Amino acid sequence: MQTRPMIDLHCHILPGMDDGSPDVETSLAMLRRQAEQGIGAVCVTPHYYADQNSISTFCERRATALEKLRAALPDGNLPEMIPAAEVAFFSGISERGGLERLCIRDTKTLMLEMPFTEWNDFQIEEVSALVLDRGLHVVLVHPERFCGSKNNVWRLKELAELPVAFQVNAGTLIRWRTRKLGLKLLQETQYPLLGSDCHNLTTRPPNLAEGRGVVARKLGEAFLMKMDQSAAGLIGPAAEKVVP
Ligand SMILES: [Fe+2]
């Protein structure tokens with residue numbers, strides 16, 4: 001029986017906000033599926049692209065979508081929704097004001113999507129500055145998707161030392177072809193995290209419970225507990241204590 005709080009850190013569940021849920025009905029169905037899996041809270045993480053929206057415009061759009069969805073919520077136990085963002089890396093990010101508004105609600109936890117290219121020194125320095133100069137708790141989302149090059153694999157090892165949290169997608173663990181890589185990355189970081197990165201009900205559905213099952217079987221219940229503790233700290237007031 002699940003007794004620890006289950007958190008899905010990465011969901012594209014807000015209606016009409018990005019390439020995730022297109023409408024309120026789909027969002028509600030996704031939330032119901034998460035509730036069936038025993039998930040108590042979800043971070044809503046629409047994509048943030050600096051060249052498309054200002055931070056203010058993005059936050060206004062996110063608040064409107066969240067309000068629309070909350071207004072349609074039926075009575076009953078659906079997961080709590082916590083505003084956040086999946087922030088695409090951009091040049092100059094470490095000096096951009098107002099990044100805290102993109103962090104998971106009331107924390108300094110920034111979900112960061114690195115570029116789908118070969119990473120260079122400059123980009124790694126920017127991530128370092130976010131952590132060491134800005135004092136943000138950086139969560140690299142789906143690091144497994146950047147491991148196509150040896151250079152990035154090596155740089156991920158560097159980033160893990162900072163420290164930076166790695167959030168692996170549940171689907172990576174579920175698919176046997178990518179499972180080994182996902183498990184390796186979870187063991188490489190001091191702050192292993194899991195998210196569904198769900199976008200819809202079909203091709204990228206809410207699948208956190210299945211991914212957690214793989215962690216429990218392959219890495220053990222104690223490891224899963226460590227992941228839950230990391231996640232709880234990163235979304236709550238205790239975040240300061242979890243990631244130095
Ligand atoms: Fe995502």
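Preceding block: the structure.
For the structure given in this document, a descriptive report is provided here. Everything quoted here is computed from the prediction, not taken from an experiment. (Residues numbered from 1 in each chain as written. Predicted model: local features only at pLDDT ≥ 70, side-chain atom pairs only at ≥ 80, totals over all residues.)

Take unusual backbone geometry next. Here the bond from Leu162 into Pro163 is cis, since omega is 15°, no more than 30 degrees from zero. Among the structural elements, Pro163 can be located in the loop between α4 (150-160) and β8 (165-169). For Asp106, which is not glycine, the phi dihedral falls at a positive 60°. Along the chain, Asp106 falls in the loop between β5 (86-88) and β6 (109-113). One non-glycine residue, His142, adopts positive backbone phi at about 25°. Take His142: it is sitting in the loop between β7 (137-141) and α4. (Helix = DSSP H or I, 4+ residues; strand = E, 2+ residues; numbered from the N terminus.)

This paragraph deals with the packing of helix α1 (residues 24-36) against helix α2 (residues 55-72). Two packed helices can be described by the angle between their axes and the distance between those axes. Across the interface, α1 lies against α2 with an axial gap of 10 Å and an inter-helix angle of 70°. Considering their axes alone, α1 and α2 lie roughly perpendicular with respect to each other. Of the two possible hands of crossing, α1 and α2 adopt the one that is right-handed. Facing α1, whose interface residues are Val24, Ser27 and Leu28, α2 presents Lys68, Leu69 and Ala72. Classifying every residue of the contact of α1 with α2 gives four nonpolar, one polar and one charged. (Axes fitted to C-alpha atoms, helices over the stretch in contact; angles between N-to-C directions. Parallel < 35°, antiparallel > 145°, perpendicular 65-115°, else oblique. Left-handed = near helix turned anticlockwise from the far one by under 90°. Contact = placed C-beta atoms within 7 Å. Nonpolar A, V, L, I, M, F, W, Y, C, P; charged D, E, K, R; others polar.)

The next point concerns the sheet that holds strand β2 (residues 41-44). A sheet is described by the order of its strands in space; here three strands give the open sequence β1-β2-β4, paired in parallel fashion. Because the sheet does not close on itself, it has two edges, and the strands there are β1 (7-11) and β4 (80-83). Averaged over all adjacent pairs, the angle separating strand axes in this sheet is 25°, with direction ignored. Across three bridges, β1 lies against β2 in parallel orientation. Note on β2: the bridge partner recorded for Ile7 is Ala41. (Pairing = 2+ DSSP bridges.)

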